[in-house]
Amino acid sequence: MNRSIEYLLRRLGFYALAAWVAITLNFLIPRMMPGDPAQIMFARFKGEMSPSAIAALRETFGITDAPIWQQYFTYLRHLLSGDMGVSVSNFPEPVVSVIATGLSWSIFLAGSALIISFILGTSLGALAAWRRGGLLDSIAPPLLALLGAFPYFWMAMLALFIFGFGLGWFPLWHAYPEGTSPGLNLPFILGAFYHAALPAATMIIASLGGWMLAMRNTMVGILGSDYITYARARGLAPRRVLIRYAARNALLPNITGFGMALGFVLGGALLTEIIFSYPGQGYLLIQAVRAQDYPLMQGLFLTITLAVLGANWLVDIVTLMLDPRTRR
Amino acid sequence: MSLLQVENLMVDYLTPDGALRAVDGVSFELKRGEILGLVGESGSGKSTAAMAAMRILGPPALITGGEVLFDGRDVLRMSAEQLRRWHWREISIVMQSALNALNPVLTMQEHFLDTIAAHRPELSNAEMLTRAAELLKMVDIDPRHLNSYPHELSGGMRQRVVIALALTLNPPLLIMDEPTTALDVVVEREILKRVLQLQKEMGFAILFITHDLSLLLEFATRLGVLYAGRLVAIGPTEIFRQGGIHPYTQGLLQAVPQLRGKREAFKSIPGSPPSLKKPPNGCRFHPRCPLVEERCRKEQPVLKHVQHGHQVACHVRT
C-alpha cells in the first residue's frame, strides 16, 4: 500500500512538472506575439483614451516594462493567488470569475452527458457481448455507429431545428430560463436541467456507440478467457460471472478512455456550446478568440491543461484501486 | 452403477469451412474412487471429450451425439440451473493453466467465497473463511495467502490453489486436465503426490488427462488412449505397463525413455497426427502404422475386447 502511495506521489510529481511547463508556455506565447491586450482595448475605444489610462491597463494585464523574468515571477505569484488577470471582452470582470461560471456550466452539461453516456454505453456493450449475436448485439452497434458517424454539428443543428424550433419542446439557447436567478431555487434548477436536456442528448447519442463498441470488444475477449470458463464451471450464478468476472475486467482498459474524456469535459464541448449558445468553456473560448481576449484565452488554455493533467492523475488512482496488478 | 458413463460421445467444432469432428464416438466409464487416465497427442480430443462430458464447452464446440450419465442422471438433458448445481458439488475440474484460471482482480479469498456461496449460501462468512483456510492448508499453502492476488503467487502455488478450489465441496469426481503441464518436473511431482494423498483420504475419483503416458502408468487405475478423436485402446493400466496391444499404444510406450533396465534407443512414431478436417479413411492410424494391412485402409476398426477388460480398436490385433 505504501508503495502505491509512493507511486501516486511520483506520478503527481510528473504532472506537476508538466503543469509547470504548460504554465510557462502560457506566459511566454502571448509575449512573443505582436501587440498586447492594452493596445486592443485602446483600438476598441477608437483613440479616445489617455496614455495614462493605457499605462494603467497594461499594469492591470501584467505587461510592464520590467525585465521578463520579473514579469514571469509576478505572473507566477498572481497565478498562485488565483489571479489570472482581467478579461478584455468582459471588462472589468477578472478572468477567474469568468472561467468559474463557464466551468460550472461545462461540468454540468458535458460532465453529466459523459457520465450517462459512459455508464449506458459500457452496460450496453457488456450485455451485447454477454448475449453475443443476440438481438441487442445485432441491432445496437450498427445503429449507434451510424448515429455517431453523422457530423456532430449537423446532427446537433438538426435536433435543435426539429425539437427546439419546429416542435418547440426544448429551449433554443442559454443554460437557464430568463427571469430566474442562479442559486438554490427550484425554478432555476429545473430550468437548468430543461436547458441541458437537448444538448446533452445530442452529445450522448454521438458518443454512446464508441463506449458501447469499446466495451463490447474488450468484453468479448475477456469472455473467451479461462477464468470465465472456470467461473462458470464452478457453478457461479451467471449474473455474478457477468459482473464480477467479465465486466469488472473488461472495464479496466475503458477507464483510461473515460479519464481522457473527463479531462476534455472541463475544456467544454465546443460545438455543442456554440450550436446551443450554452455559456460553457467552449463558448467562452470562441468569444475570447473573436474578441482577441488574450487573458481569457490564456486562462482557458491553462484550465484545460490542468484539467487534463488532473483527470490523468484521477485515472491513475482509479486504476490502482480497480486493478491489483498495478499495485506493488 | 458407474459414477460417470460416457457413451458414443460426438463433439464438433463449427468452423467457417464446415464442422470438424474433434471427438468421434468416444465411450468410457468411471467408477467411484478410481483414477482413469486419458492420453493422446495434442488435438486428439482428450480435453474436448472431458469438457464436453462436464458440459462446460462453449461455442464453437457443439455436442452432436452420444450420452453422458452421471450417477444415473442424463447430463446432456440437464437445464442450465441443474448444471449449475451439479457443477462443483459433484464434478469439478482443474484446468490446464492455473495462471489464467483465476480472476486477476480478485483475491484467493474472494475466489473461495464466491465458490462456496454459489452452492452453500446458508453458511456464514466466518464459516466460509474457515473452510477456505482449511482448503489452502490441505494443499500446503499458508492461509495468509487468502489475501493474495493471483499475480502475487508462483505458478506452482496457483496450481495448488486451483486444486484446493476444485475440492471445495468434496465432489466425488475431479477432472484434471493436464494439471501440471505448465510446471517444472520437481513441482509437478510434489503436487501430484499431494493430490494422490488427498484422493486416498477423501476417496474422490479422478479423470486425468495428459499427453504424458509415463506419468499415468504410475498411478492410473485404468487408461484410455485417444487418437484423432477416437478411442483406440482402453483397459487396466497393467496391460499398458507390459507394453500395450494397439500399435499406437506400443509406439507411445517405446517413446518413453527408461531409467532402469536395458539401455535402448527409444523410437518415435513416424509421421504426425492427421488433420481432423480430412481424416484418413478406415483406421485413422493406418498411414503411420507399422502393421498396416489392406483392410485398415478401408474399414474403420471398432473397440473389441482382447483380454482382462482390455479393449482395442485394431484389425490386426483383434
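Here is what the cut-offs are and how they apply
Every chain is numbered on its own, with residues counted from 1 as its sequence reads. In the order they appear in the text, chains get letters beginning with A and ligands get numbers beginning with 1. Restriction of local features to residues with pLDDT of at least 70 applies here, the model being predicted, together with a cutoff of 80 or more for giving and counting side-chain atom pairs; totals for whole chains, interfaces and linings are based on all residues. With hydrogens and water set aside, each side-chain value is computed from the structure's full complement of heavy atoms. The helix count covers DSSP runs of H or I at least four residues long, the strand count covers runs of E at least two residues long, and both are numbered beginning at the N terminus. Throughout, the radius of gyration refers to the C-alpha atoms, and the reference size of a globule is 2.2 Å times the residue count to the power 0.38. Partly exposed describes any residue whose relative accessible area lies between the buried limit of under 20% and the exposed limit of over 50%, with all areas from a 1.4 Å probe on protein chains only and scaled to the type maximum. Contacts: residue pairs with any heavy atoms within 4.5 Å of one another. Here Asp and Glu are counted as negative and Lys and Arg as positive; His is not counted, and neither are the chain ends. To locate a charge, take NZ of a lysine, CZ of an arginine, CG of an aspartate or CD of a glutamate. Here an angle of 0 to 180 degrees is reported between the N-to-C directions of two axes, which are lines fitted to C-alpha atoms, with helices fitted over the stretch in contact. For classification purposes, an angle smaller than 35 degrees is called roughly parallel, one larger than 145 roughly antiparallel, one from 65 to 115 roughly perpendicular, and anything else oblique. Here is the rule for handedness: rotate from the far helix to the near one, and if that takes an anticlockwise turn smaller than a right angle the crossing is left-handed, while a clockwise turn gives right-handed. A helix is expected to span 1.5 Å for every residue after the first. Buried and open spaces are told apart on a 1 Å grid over the protein atoms alone, a cavity being a set of points where a 1.4 Å probe fits but cannot get out and a pocket being an open set with protein on both sides within 12 Å along at least five of seven lines. Residues with an atom within 4 Å of a point are the lining residues. Grid points are joined across faces, edges and corners, and a volume is the space filled by probe spheres set on the points. Think of it as three bins: nonpolar holds Ala, Val, Leu, Ile, Met, Phe, Trp, Tyr, Cys and Pro, charged holds Asp, Glu, Lys and Arg, and polar takes everything else, Gly as well. Buried area is a sum: the accessible area each of two parts loses on coming together, probed at 1.4 Å, counted once for each and added. By definition, a salt bridge exists where a carboxyl oxygen of Asp or Glu is found within 4 Å of a side-chain nitrogen of Lys or Arg. Two strands pair if DSSP finds at least two bridges between them. Values of pLDDT, ranging from 0 to 100, describe the predictor's confidence in every residue of the model. Only centres within 6.5 Å qualify two rings of Phe, Tyr or Trp (six-membered ring in Trp) as a pair; their planes then separate them into stacked at under 30 degrees, edge-to-face at over 60, and tilted for everything else. As used here, the arc belongs to the directions running from the helix axis to the C-beta atoms.

Engineer: Can you break down the overall build of chain B residue by residue, with the values?
Structural biologist: Along its length, chain B carries eleven helices and twelve strands. Relative to the 2.2 N^0.38 estimate, which gives 20 Å for 318 residues, the radius of gyration of chain B is 20 Å and therefore close to what a compact globule would have. For chain B, the spread of C-alpha atoms along the three principal axes comes to 70 × 50 × 40 Å. Looking at the 318 residues of chain B, the share that counts as buried comes to 54%. Of all intrachain contacts in chain B linking residues separated by at least 6 positions in sequence, the fraction that spans at least 24 positions is 64%. In chain B, 36 positive and 33 negative side-chain charges are present, and the distance between their average locations comes to 5 Å.

Engineer: Let's hear about the packing of helix 7 (residues 152-166) of chain A against helix 8 (residues 186-223) of chain A: which residues, and what values?
Structural biologist: Residue and element names in this part refer to chain A. Packing of helix 7 against helix 8 brings their axes to within 10 Å, and their N-to-C directions diverge by 140°. Here helix 7 lies oblique to helix 8, going by the angle between them. With respect to the hand of their crossing, helix 7 and helix 8 are arranged in right-handed fashion. Residues Y152, M155, A156, A159, L160, F163 and G164 of helix 7 touch helix 8, and the partners they reach there are L198, P199, T202, M203, I205 and A206.

Engineer: Account for helix 1 (residues 2-32) of chain A, naming residues and giving values.
Structural biologist: Note: α-helices contain 3.6 residues per turn, so residues at a spacing of three or four share the same orientation. Residues and elements named next belong to chain A. Given a rise of 1.5 Å per residue, 31 residues ought to cover 45 Å, and the 45 Å separating the end C-alpha atoms of helix 1 matches this to within 8%. Three or more residues of helix 1 are buried, namely S4, L8, Y15, A19, A22, I23, T24, N26, F27 and P30. The secondary structure elements touched by the buried residues of helix 1 are helix 4 (68-80) and helix 13 (294-322).

Engineer: So, empty space enclosed by the protein: which residues are in play, and what are the values?
Structural biologist: Residues and elements named next belong to chain B. According to the stated counting rule, one finds two cavities of 30 Å³ or more in the structure shown. For the largest cavity, the full set of lining residues is H246, P247, C283, F285, H286, C289, L291, V292, C296, C314 and V316. Class assignment for the residues of the lining of the largest cavity results in nine nonpolar, two polar and no charged. Approximately 40 Å³ is the volume attributed to the second largest cavity. What lines the second largest cavity is V139, R160, I163, I191, R194, V195 and L198. When residues of the lining of the second largest cavity are assigned to their parent elements, the largest contribution, four residues, is made by helix 7 (residues 185-202).

Engineer: Describe the interface of chain B and chain A, and please don't skip the residues or the numbers.
Structural biologist: Each partner contributes residues to the interface: chain B has 27 residues there, and chain A has 22 residues. Broken down residue by residue, the surface that chain B buries against chain A is led by P104, V105 and D114 of chain B, which jointly contribute 27%. Linking chain B with chain A are three salt bridges, by the criterion used here. Across the salt bridge formed by R244 of chain A and D114 of chain B, the nearest N and O atoms sit 2.9 Å from each other. Per-element tally for the side of chain B that touches chain A: the top contributor is helix 4 (residues 108-119) of chain B, with six residues. Here the side of chain B that touches chain A is built from residues that sort into 16 nonpolar, eight polar and three charged.

Engineer: So what's going on with the sheet that holds strand 8 (residues 205-210) of chain B? Residues and values would help.
Structural biologist: The pairing of strands in a sheet happens through backbone hydrogen bonds and is either parallel or antiparallel. Residue and element names in this part refer to chain B. Spatially, the eight strands line up as an open sheet ordered 6-7-8-3-9-10-12-11, and their pairing is mixed. With one partner strand each, in any of the chains shown, strand 6 (91-94) and strand 11 (304-307) form the two edges of the open sheet. The mean angle between the axes of side-by-side strands here comes to 20°, regardless of whether they run parallel or antiparallel. Note that strand 3 (residues 35-39) and strand 8 share five bridges and pair parallel. Residue pairing for strand 8: L38 is matched across the bridge by I209.

Engineer: Let's hear about the confidence of the model for chain B: which residues, and what values?
Structural biologist: Per-residue confidence for chain B gives a mean pLDDT of 85; residues scoring 70 or more make up 97%. In the predicted complex, the global pTM is 0.81; the interface-specific ipTM is 0.82.

Engineer: Outline the packing of aromatic side chains, supporting the account with residue identities and numerical values.
Structural biologist: All chains considered together, the criterion is met by 23 aromatic pairs over all chains. Put simply, the rings of W105, F108, Y176, F188, F193 and Y278 of chain A touch in pairs and so form one group of aromatic residues.

Engineer: Talk me through the pairing of strand 1 (residues 4-15) of chain B; I want residue IDs and the actual numbers.
Structural biologist: All names here are of chain B. As defined by bridge partners, strand 1 adjoins strand 4 (residues 61-70) across eight bridges and the pair is classed as antiparallel. Residue V6 lies in a different strand from strand 4, and its bridge partner there is V68. Counted along the chain from strand 1 to the antiparallel partner strand 2 (residues 18-30), the turn is two residues long.

Engineer: Please give an account of helix 12 (residues 281-290) of chain A that cites residues and values.
Structural biologist: All names here are of chain A. Within helix 12 the residues assigned to the buried category are Q281, G282, L284, L285 and A288. What you see down the axis of helix 12 is that its buried residues fit within an arc of 155°, all on one side. Just beyond helix 12, the residue with positive phi is Q292, at close to 50°.

Engineer: I'd love a proper account of the pattern of salt bridges, names of residues and values included.
Structural biologist: Applying the stated criterion to the full structure yields 28 salt bridges over all chains. In this structure, the salt-bridge partner of R21 of chain B is D12 of chain B, at a minimum N-O distance of 2.8 Å. A residue is classified by how much of its surface remains accessible, and D12 of chain B, at 8% relative accessible area, is buried. Residues E294 of chain B and R297 of chain B are paired through a salt bridge, measuring 3.7 Å at the closest nitrogen-oxygen approach. Taken together, the residues E294 of chain B and R297 of chain B, both in helix 11 (residues 294-298) and three residues apart, mark about one turn of the helix. With relative accessibility at 49%, the residue E294 of chain B sits in the partly exposed group. The exposure class assigned to R297 of chain B is partly exposed, which follows from its relative accessible area of 40%. Linked through salt bridges whose partners overlap, the residues forming this network are R240 and R244 of chain A together with E110 and D114 of chain B.

Engineer: How would you sum up unusual backbone geometry? Please name residues and give values.
Structural biologist: All names here are of chain B. In this structure, R55 takes a positive phi of about 60° despite not being glycine. Tracing the backbone through its elements, the reader meets R55 in the loop between helix 1 (46-54) and strand 4. Relative accessible area serves as the criterion here: at 28%, R55 is assigned to the partly exposed category. Positive phi, close to 45°, is recorded for A228, a residue that is not glycine. Looking at where A228 falls in the secondary structure, it is placed in the loop between strand 9 (222-227) and strand 10 (230-236). Residue A228 is classed as buried on the basis of its relative accessible area, which comes to 6%.

Engineer: Run through the layout of surface pockets, naming residues and quoting values.
Structural biologist: What the largest pocket holds in volume is close to 1300 Å³. What lines the largest pocket is a set of 40 residues, among which R232 of chain A together with I56, L57, G58 and P59 of chain B lie closest to the centre. Secondary-structure elements contributing two or more residues to the lining of the largest pocket are helix 5 (95-130), helix 8, helix 9 (226-233) and helix 10 (238-265) of chain A together with helix 1, strand 4 and helix 2 (80-86) of chain B. No other element matches helix 9 of chain A, which puts five residues into the lining of the largest pocket. Along the lines of polarity and charge, the residues of the lining of the largest pocket split into 23 nonpolar, ten polar and seven charged.

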